[in-house]
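Descriptive structure summary
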Amino acid sequence: MTTTSETVSYEIVDDVGLICLNNPPVNACGYSMRRGIFEAVKALGPKVQAIGIYGANRAFIAGADITEFGKPIAEPTMPEVCLALENCPVPTVAVMHGPTLGGGLEVAIAAQARVALPNLLTGFPEVTLGVLPGSGGTQRGPRLIGIRATLDLATSGRRIGADEALSLGLVDRIDEGEPREVALRFAEDAISGALATRRTAEITVQADRTALTEYANRMRKTQANLFAPHRIVECIALSTGDFTEGMDRERQGFFDCVASPQRAGLIHAFFAERAVAKIPIEDAIPRDIGSVGIVGGGTMGSGIATACLLAGLDVVLKEQHQRACDRALAAISKNLAGAVKRGKLTEDALANILNGKFKTTLEYADFSETDLVIEAVFEDLAVKAQVLQQLDTVVKLGGIIATNTSYLDVDELAQSTSRPDRVIGLHFFSPAHVMRLLEVVVGENTAPEVVVTGFALAKRLKKIAVWSGVCDGFIGNRILNHTRKVADYMIMDGATPTQVDRALKDFGFAMGPFSVLDLAGLDIGWAARKRRAPTRPPEERYVEIADRICEAGWFGRKTGRGYYIYGDGDPVENPDVFRIIEEERSNAGIAPRKLSDEEIVTRYLTAMASEAARVVADGVALRPIDVDAVELFGYGFPRHHGGPLHYADQVGIKTLIARIEEFATEDAYYWQVPELLRDMVEQDQVFADFN
Ligand code: 3HC
Ligand code: NAI
């Protein structure tokens, strides 16, 4: 083996040169790999009759090394590496196995033939990171698989397997074996002519105006907020022209994307998803969880049961009476039938679940064999404490008792058992079988083994677990409580719920805050406000609109009426809410004024960022990136803005303060918001320092 860089080596076997890529864990292609491939191709070209290229570990190449984005790029660049493979005087064959994504696929399609192994996972995920395929993907893709198929892959970021890659024409063969052995075998075939080879750049692209117009329109309609998808369509449109010119324009488009703040936000989100798994516990081993008990089969209990069943766990669910058991079973069956329809569960697996993997019960005694029981009963401290006490008497020694409380004190709840070290908060989000976030709420006595078990369970359920300390509302609901107040202040000052919702949706949120409140149920927040009333600081500005809506019996979607009215069609504004708003403004002596969308976004985002910073400062979140992950994966924060603290960093704290001052209000509580940011500016402390 001759090494050409720390991550690339080559060997010569008879007439064949084999290039081995080795940058664990996923062969991200950074400078070292680029240089290594470039030098290896140069060295082998004159010496052999064909070259095979493969990955030494579980991937061919997972893509360009995204940690290098935004930094100066050392040569050779990815397009130069691809050109070297394409223009090599002898045939080059890529073995596509495991993750072969983005730049990895671009390297493969620059080779002169491709063989896939069955474990292939390929596609152009660049769009999900705010960039475009920048090493020839938009130019070679259409030459190999046509304009429409390239548009589909590159604008969706969809990942496909070996069979689909073969049927599209992205690969020439599918075979089995070790990557090195397959590389050798097919390079030999390339020499003998048994495997045809050709330069992708020399293929003529079939024009497809219809597909281009269709995708351009679709991107305008569905991705209006994003930068990269439109550039992708523009670059693919150039593929019918001169190859070199197309490559130059693609490169320019790639750099424009890299320079966009959206790219930074999306890559922050990518790393946030992975960073939260890094928790400060090293030596604890997660308990093996085979069965889960659930107390309460309402909205959350049914969703949690569904999530556990979809992950193959056995589930016992306890309710108060048979009717409630039947209701839970019906809700869970409906969820599972949906999963079957979407291909997420087989008919056989569903039959297994209904024939024994899932049971309902009225007895606590049925939890004697379960490893972990999650309570999801009413949000009431006394009710939950009583449930935990009962569980403590039946759950086996060492078994874990978890609470799905939204706001209540996990430490206090733990004290109602004889095993506070085995008690933890597992805060799921609704619908629990869909939402990816799980806050793992770590109490003062929770044992490390219990914490790592919570994280392992999340992984099994394909959820993103984030460590949270104990406080009122943990990370997410604590921030929500804060931003909700600011949203209320804005409607008191002159905005309407619809305007606030629209402005924040335009900013990129999946839903506006008032629509979210209607969806979650206005009664939950109402109960929390009543609980907090005795300790609310008297100087805090308090808005009664939400309480008055609840007093009327309108709890949002579940009652058909809240901030909006829900019927068969789209929700419409609730005129009674306007009446309540006007009365409350008049009671408070407020003359409403017009708020711009910019004011709404600035006040909302600043409130969110400031409470997020406090959550970190209080030690409730481990790092700022954990708070960003909670908002991204649990609260619909726009991914391309990266999370509230990333956003604050991007805009700059000084700019945020300057903007907020334009919208001065007399509200004392509200003014705490810039105060905290001001302290940070004075100390020259920016949020990124916490990362
Ligand atoms: N660059 C740098 N690091 C990367 C990386 C990349 N492209 N892809 C993965 N990593 C890192 C992860 O951050 C993680 O690091 P950590 O262990 O320090 O947390 C480690 O590799 C392992 O990754 P995962 O935990 O995600 O491992 P999985 O096995 O769950 O998933 C994967 C593997 C499917 C490859 C997944 O990591 C993935 O989807 N990666 C991103 C792929 C991608 O988007 N590629 C395109 C990049 S952009 C590009 O190529 C531009 C080009 O057109 C010029
Ligand atoms: P829900 O009212 O839909 O369901 C609660 C269920 O618990 C009812 O079916 C009730 O019969 C059952 N129950 C009450 N006492 C019981 C007992 N002793 N034994 C067995 N069953 C009992 O409430 P929801 O919305 O499911 O909330 C449950 C918990 O989850 C609450 O703590 C809530 O704060 C929390 N939560 C709610 C979210 C939401 O969006 N709804 C999101 C995240 C957490």
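Residues numbered from 1 in each chain as written. Chains lettered and ligands numbered in written order. Predicted model: local features only at pLDDT ≥ 70, side-chain atom pairs only at ≥ 80, totals over all residues. Heavy atoms only, no water.

Our focus in this paragraph is the sheet that holds strand 2 (residues 8-13). Across the sheet, which stays open at both edges, the seven strands sit in the order 1-2-3-5-7-9-11 with mixed pairing between neighbours. Since the sheet does not close on itself, it has two edges, and those belong to strand 1 (2-5) and strand 11 (173-174), each with one partner. As paired strands, strand 1 and strand 2 are joined by three bridges and run antiparallel to one another. Note that in strand 2 the partner of threonine 2 across the bridge is tyrosine 10. (Pairing = 2+ DSSP bridges. Helix = DSSP H or I, 4+ residues; strand = E, 2+ residues; numbered from the N terminus.)

Further remarks concern the site of ligand 1. The immediate surroundings of ligand 1 are formed by 28 residues, with Arg58, Glu106, Glu126, Arg274 and Lys278 found nearest. Within the contact set of ligand 1, a nitrogen atom lies 3.0 Å away from a backbone nitrogen or oxygen of isoleucine 66. Take glycine 103: an N or O atom from its main chain is 2.8 Å from an oxygen atom of ligand 1. For ligand 1, whose accessible area on its own is 980 Å², the fraction buried by protein is 78%. Those elements that place two or more of their residues in the shell around ligand 1 are strand 6 (63-64), strand 8 (99-101), helix 3 (103-110) and helix 11 (261-275). The element contributing the most residues to the shell around ligand 1 is helix 11, with three residues. Looking at the shell around ligand 1, its residues break down into 16 nonpolar, five polar and seven charged. (Near = heavy atom within 4 Å. Polar contact = N/O pair within 3.5 Å; in protein donor to acceptor, adjacent residues only side chain to side chain. Areas by Shrake-Rupley, 256 points an atom, 1.4 Å probe, with all protein chains shown as cover. Nonpolar A, V, L, I, M, F, W, Y, C, P; charged D, E, K, R; others polar.)

In terms of domains, the chain is made up of domain 1 (2-259), domain 2 (291-468) and domain 3 (476-690). Computed over C-alpha atoms only, the centres of domain 1 and domain 3 are separated by 45 Å. (Domains from an automatic or database assignment.)

Let's shift gears to the nonpolar core. Ranked by internal contacts, the top residues of the largest apolar core, which has 67 residues, are Ile19, Leu21, Ile37, Phe60, Ile61, Leu151 and Leu170. When residues no more than four places from it in sequence are discounted, the contact partners of leucine 151 are Ser156, Ala211, Leu212, Tyr215, Val233 and Ile236. (Core = buried A, V, L, I, M, F, W, Y, C linked by side-chain atoms within 4.5 Å. Buried < 20%, exposed > 50% of the residue type's maximum accessible area, 1.4 Å probe, protein only. Contact = heavy atoms within 4.5 Å.)

Here the focus is the environment of threonine 405. Mapped onto the fold, threonine 405 is located in the loop between strand 16 (400-403) and helix 16 (410-414). Residue class for threonine 405 comes out buried when judged on its relative accessible area of 1%. As for threonine 405 and isoleucine 565, which are separated by 160 residues in sequence, their C-alpha atoms are 28 Å apart.

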